[in-house]
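Survey of secondary and tertiary structure
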Amino acid sequence: MKLIESQAKAIFAEAGIPVPTGRVATTPEEARAIAQEIGGRVVVKAQVPIGGRGKAGGIQLADDPDGAFQQAQRILGMDVRGYKVERVLVEQAAEIAQEFYLGITVDRDRQANVVILSAAGGMDIEEIAEKHPEKVAKLWLNAGLGLRDFHIRQLAAQAGVPAELLKQLAPIMRKVYDILLSHDATLVEINPLARLGDGRLVALDGKMEIDDNALFRQQKLAALKEDEGDHPLELEARRRGLAYVKLDGNVGVIGNGAGLVMTTLDMIQRNGGKAANFLDIGGGAKAEVVRNALEVVLSDPDVKSVLINVFGGITRCDEVAQGLLDVMRSMEVKVPVVVRLVGTREEEGRRLLEGTELTPAATFQEAARKAVLAAQS
Amino acid sequence: MKLIESQAKAIFAEAGIPVPTGRVATTPEEARAIAQEIGGRVVVKAQVPIGGRGKAGGIQLADDPDGAFQQAQRILGMDVRGYKVERVLVEQAAEIAQEFYLGITVDRDRQANVVILSAAGGMDIEEIAEKHPEKVAKLWLNAGLGLRDFHIRQLAAQAGVPAELLKQLAPIMRKVYDILLSHDATLVEINPLARLGDGRLVALDGKMEIDDNALFRQQKLAALKEDEGDHPLELEARRRGLAYVKLDGNVGVIGNGAGLVMTTLDMIQRNGGKAANFLDIGGGAKAEVVRNALEVVLSDPDVKSVLINVFGGITRCDEVAQGLLDVMRSMEVKVPVVVRLVGTREEEGRRLLEGTELTPAATFQEAARKAVLAAQS
Amino acid sequence: MSILIDRNTRVIVQGITGREGQFHASQMLAYGTQVVGGVTPGKGGQQVLGVPVFDTVKQAVDATGANCSIIFVPAAYAAEAVLEAADNGIELIVCITEGIPVQDMIEAVQFVRQKGVRLIGPNCPGLISAGQALVGILPGRIFTPGPVGLVSRSGTLTYEVVNELTSRGIGQSTCVGIGGDPIIGTRFIDVLRMFEEDPQTKVVVMIGEIGGSDEEEAAEYIKQMKTPVVSFISGRTAPPGKRMGHAGAIISGGRGTAQSKVAALEAAGVPVAETISDIVDKVAQRLGRA
Amino acid sequence: MSILIDRNTRVIVQGITGREGQFHASQMLAYGTQVVGGVTPGKGGQQVLGVPVFDTVKQAVDATGANCSIIFVPAAYAAEAVLEAADNGIELIVCITEGIPVQDMIEAVQFVRQKGVRLIGPNCPGLISAGQALVGILPGRIFTPGPVGLVSRSGTLTYEVVNELTSRGIGQSTCVGIGGDPIIGTRFIDVLRMFEEDPQTKVVVMIGEIGGSDEEEAAEYIKQMKTPVVSFISGRTAPPGKRMGHAGAIISGGRGTAQSKVAALEAAGVPVAETISDIVDKVAQRLGRA
């Protein structure tokens, strides 16, 4: 899950990383009050879980409380790349002398956390890496050793960060690494980490990504999870414990195994169709799970046909068939459902489905073709 | 430096390891007041930096405050293997069901911290290891990995600690390791770690050894250092920054390099004498250091002769000679001083000492012989 | 021959008293795997499926001489189980558990590497050397001994391939599911190296998917391999930024697309199949059985 | 030949701008050692003794191709300096610093071992390959090339021996001061193994002292050595429980006595000299020059 700027900055501040004075407002009146409190010039920033808000006009300066009111009024409700702005962060405006990039993230290829530091902050790290590759310093951490002072000196030297900033930079870097570990983050990013006119280093913008697998031990963060701008069907599927992704086609898909389901989506496209979703019921699914899966897929108004593609290994085909039957009996299914069941208890499964309205298919290819045809008719 | 029971227990309590209720008293009246506060049966324990106080009568039970007064009166001032008891710890008496040994210490051979756990607590670990080797579980820690739950299960299984105690034991073990690292200890020992009648695990006695090399970053512990029962000459030498050990002979020894000085002591003994001290002035010593060293050695009333044995590598013989001259000029030296100077600027050094009362020696052997003879005369 | 496991592999099951652990232990035993013991803290002394249960891996290794461990421990404790196995002389660790926190796995993978221990997974179906030993949750009955080595990030998809291979009379040497997580102990390139050394394996099937760059890295290595490799990449139609079931199956920052992987493989001269049947056709071709 | 260092060793000095670092760098240069640079955080860009100073070991290694580092960093930062060197491709680290906290060294020694890097010290005088290179603080002028390898826990005592060897016309191959701390990177047995492989070294002198059991362990190894070893142990009259100058020179819990070491060495057939002259006599004997 992604944390937005205001959430990341709250965590930074708690850890002792300097951030500008500010607070979140949900109304223009609140924005004015916060600007009043802060005094002087403020910046009003749209809080959305996506980049590009600056270009979209979601970041504006205001000279006084009334200006803050007006800017908040303009930004709140704005659409930033599909996300409606419901909150703005009102912060003391900063006089920036220089911008740095500081991030720690997981490098899956090196199987390590990697610290990235650059003296060319403010842009996306991909952009920095492309435009100024020589200004990007990277260092992969040994988990046992952690982030040491010599690492920090190495990074600073390589990134060309002035030596006089090391005294401020070192504790910030250590705190970023502490935050990464203590919050089970896969990314903690400060960009820009700004040197102000008075020489202080301040985190002007921040981003964090939290490992969903670790939310069981990150109670505070887990509570924020629902706030994400996910599709309502994704939220519903998550509540039911299903690995579901909403897509923009019209063939509903249910299968077992991520690779099998991805391949099913690919096969649907090969046959001229487009999947409405990804849904993996996993290994050894019981009838109950299958019922839940089908209910979620059928509740999607985009779905014009459904393809159930199961290779029975641990998963038993008769269990899958039973789950399908349960749904057919409890609700009216208005779209064609194509079913391919292969493997463990295949015969038993097919027998259960005989005489129902489900469309059987013998092969992967046949199933994809039939489902696409059904959706088009 | 060694921490005594009350100091170790204060650290345990701060870390959240259960210890009996109690406080230190320096007078029988205080002991009575503490016993009154605690209520019920108490134990009065001599606080000395040495083992064997139990056998010496330094641990006594008292049924009531008056009993505590009497026991404290008896124990305070008592001599335990050369240490005068100036403090007693008055603690709630515990009903012990079983005693365990738990310690973490530095194993220099394996270059690792080793955790030691035994179900046969109460005795010295050497005694346990000898009498019940099968009951002693040891585990060497990887610094990067630290002490993990599986280590604790492994130790408990091997030591035969009942599984139902694991829930209490695990956090205590983790805290002992945390204390070791956070206090730069080379030993943290709880012995006995007692299971009481009600099932609780409590640290009934504790010991810690702190790495002298780390006192620069252990301000609180460094402040306790002066409290140690060291010889006054050792304290004085430490104040002057000298590596000095008081011994029980009568030949004062000064040399450069620990091995050289140890060998000098050995040579003195080979020649029928006995050294009054060990004193290493280290490498590259200036005249000032030599002067300090000689002053400390000469202030020892046991010293009947002094042997200065220097092999000049980085250390310059003329610097050493100058330091000796400074002392000879500033005070009356009443005992014979034998000097062997070899190596860097040997000639210059000898020339400086010509015409003084110092006794020159050409070889290691000659120097030792002359110093021993001088002490005997 | 085979890689990683064979008839002589001595396996313990960490988490043997759990539902999953016990069920799959029974399947492994049924396949003929030497399951010699299990580990569940607090349950030492019990017997499960006729094998002894221990409180710790150390006890299990001391008592049984196990050299391999398969882990069915819940996600919150699974990385610790890996550390315990690696720290106690286990040479091959197979971690089935899904949903282990990434930071836990970074530590575990680095420790395992430092110890010179081989870890397969996590979030994987394990592995099987057809006709010899099953250390995993793969459906043993679809496998038959033969010349095809398989390595895959996806379980079920692999079963589809194996099923079709077997039905067409083409057997398998070893099939390794390396797992769907971003941080895994063994990657394509590691397994390819082993197949390259294995005399039984005449053709290798590599089944990749979106996310990361293991396939691209493997493509570089395959250039110098003597054993032919046939590949398949799933997720060609997956949208960016969405996790497709596997925690590791995600296109992020424009990296890890199926297109990038297909391009790298094709540049290395590796045929990339379009469908599962196509994989099997290409394998048959390379075995001269087309 | 020699062990560990020779004419081609490329050395950087960590802490080169300090008083000690600079003085000994000049001595090493004077001896002919290839000192190629120095490291002092914050002083990068300066020149000291004609060699460049860098902020980090990485920069120094990148710029100079150094493969060896000698550390003169204050005790509070010295273990970190060891980690930095080990993490940046240095193959041989010589740590002179005295007074490093034990827990810092445990971590550093374990990390260095894990990286496959060799650490000499800390709290040691370093080493010298006579006539070739000096990486340490030993007085170079007393050494002369020859057949005797020395390994010692004590600096000055070793100089006494070398001085007498040289004055009697017996030269040295390499002399290694392994240090007086309880936790050290290289122990007697490690250096003995190297001398055993070194064709130049015909006799080894091992100078031990009270504390620990390195000498006892070495005695076990010497039993199977072809190169003869002569030994000396100081501290025969040291009282238990007292640190004799070196942090590692302490008899604790009845272990680490000179008597135990002498007994172990004698049991292994190693002659233990009683005096320094006696060491040299025994060496001369073994060289057939008695």
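Looking only at helices and strands, chain A has 13 helices and 19 strands in total. The principal-axis extent of the C-alpha atoms belonging to chain A is close to 80 × 50 × 35 Å. Burial analysis of chain A (377 residues in total) assigns 55% to the buried set. Here chain A displays about 15700 Å² of accessible surface, and carbon together with sulfur accounts for 47% of that area.

All names here are of chain A. Between helix α10 (residues 287-298) and helix α11 (residues 317-330), the least distance of the axes is 7 Å, while the angle of their chain directions is 50°. Classified by the interaxial angle, the pair formed by α10 and α11 is oblique. Regarding α10 and α11, the two cross each other, and that crossing is right-handed. The segment α10 lies against α11, with Ala287, Val290, Arg291, Leu294, Glu295 and Leu298 engaging Glu319, Val320, Gln322, Gly323, Leu324, Asp326 and Val327. For the contact of α10 with α11, a count of residues per class yields seven nonpolar, two polar and four charged.

Before going further, it helps to spend a moment on the domain arrangement of chain A. Looking at the assigned domains, one finds that chain A contains domain 1 (21-92), domain 2 (96-222) and domain 3 (232-376). Here domain 1 of chain A and domain 3 of chain A have C-alpha centroids that lie 45 Å from each other.

Our next topic: the pairing of strand β12 (residues 203-209) of chain D. Residues and elements named next belong to chain D. The buried count for β12 comes to seven of seven residues, which makes it a mostly enclosed element. In β12, alternate side chains face the same way, and those of Val203, Val205, Ile207 and Glu209 on one face and Val204, Met206 and Gly208 on the other are all buried. As paired elements, strand β10 (residues 145-152) and β12 share five bridges and run parallel to each other. Residue pairing across strands places Gly149 opposite Val204, the latter belonging to β12. Here β12 runs beside strand β13 (residues 229-234); their pairing, made up of six bridges, is parallel.

All names here are of chain C. For helix α4 (residues 102-115), spanning 14 residues, the distance from its first C-alpha to its last is 20 Å, which sits close to the expected 20 Å at 1.5 Å a residue. With 11 of 14 residues buried, α4 is to be regarded as a mostly interior element. For α4, the full list of buried residues reads Val102, Gln103, Asp104, Met105, Ile106, Glu107, Ala108, Val109, Gln110, Phe111 and Val112.

Attention now moves to helix α9 (residues 258-270) of chain B. Residue and element names in this part refer to chain B. Taking 1.5 Å per residue as the helical rise, α9 with its 13 residues ought to reach 18 Å, and the 18 Å between its terminal C-alpha atoms agrees with that figure. Summarising burial for α9: 11 of the 13 residues are buried, a large majority. Positive phi shows up at Gly272, right after α9, with a value of about 85°.

Glancing now at the sheet that holds strand β8 (residues 126-129) of chain C. Residues and elements named next belong to chain C. Reading across from one edge, β9-β8-β11-β10-β12-β13-β14 is the order of the seven strands in this open sheet, with mixed pairing throughout. Both edges of this open sheet fall to β9 (133-136) and β14 (272-273), since each of them pairs with a single strand only. Across two bridges, the pairing between strand β13 (residues 229-234) and β14 is parallel. Across the sheet, the residue bridging to Ser231 is Val272, located in β14. Sheet contacts for helix α6 (residues 188-197): β10 (145-152), β11 (172-177), β12 (203-209) and β13; angle to β10, the most-contacted strand, approximately 165°. Strands β12, β13 and β14 of the sheet are contacted by helix α8 (residues 258-267), whose axis makes an angle of about 170° with β13.

Below, the discussion takes up the environment of Leu181(B). Note that Leu181(B) resides in helix α6 (residues 166-182). Residue Leu181(B) is classed as partly exposed on the basis of its relative accessible area, which comes to 38%. In this structure, the C-alpha to C-alpha distance between Leu181(B) and Asn113(B), residues 68 residues apart in sequence, is 10.0 Å. For Leu181(B), the residues in contact, after removing those within four places along its chain, are Asn113(B) and Gln103(D).

Residues and elements named next belong to chain D. If you trace the backbone, Lys261 turns up in helix α8 (residues 258-267). Among the residues examined, Lys261 registers a relative accessible area of 0% and is labelled buried. Engagement of the side chain of Lys261 in a polar contact is seen with the backbone oxygen of Gly211, the distance being 3.0 Å. What Lys261 contacts, discounting residues up to four positions off in sequence, is Arg153, Glu209, Ile210, Gly211, Gly212, Ser213, Asp214, Glu215, Glu216, Ile233 and Gly256.

With that settled, consider the nonpolar core. Formed by 104 residues in total, the largest nonpolar core has its most connected members in Leu192(D) and Val283(D). A per-element tally of this core places α9(B) first, with seven residues. With residues near it in sequence (within four places) discarded, Val283(D) still touches Val148(D), Leu165(D), Ile170(D), Val203(D), Val205(D) and Val230(D).

Criteria and cut-off values
- Residues numbered from 1 in each chain as written.
- Chains lettered and ligands numbered in written order.
- Predicted model: local features only at pLDDT ≥ 70, side-chain atom pairs only at ≥ 80, totals over all residues.
- Heavy atoms only, no water.
- Helix = DSSP H or I, 4+ residues; strand = E, 2+ residues; numbered from the N terminus.
- Buried < 20%, exposed > 50% of the residue type's maximum accessible area, 1.4 Å probe, protein only.
- Areas by Shrake-Rupley, 256 points an atom, 1.4 Å probe, with all protein chains shown as cover.
- Axes fitted to C-alpha atoms, helices over the stretch in contact; angles between N-to-C directions.
- Parallel < 35°, antiparallel > 145°, perpendicular 65-115°, else oblique.
- Left-handed = near helix turned anticlockwise from the far one by under 90°.
- Contact = heavy atoms within 4.5 Å.
- Nonpolar A, V, L, I, M, F, W, Y, C, P; charged D, E, K, R; others polar.
- Domains from an automatic or database assignment.
- Pairing = 2+ DSSP bridges.
- Expected span 1.5 Å × (residues − 1).
- Polar contact = N/O pair within 3.5 Å; in protein donor to acceptor, adjacent residues only side chain to side chain.
- Core = buried A, V, L, I, M, F, W, Y, C linked by side-chain atoms within 4.5 Å.

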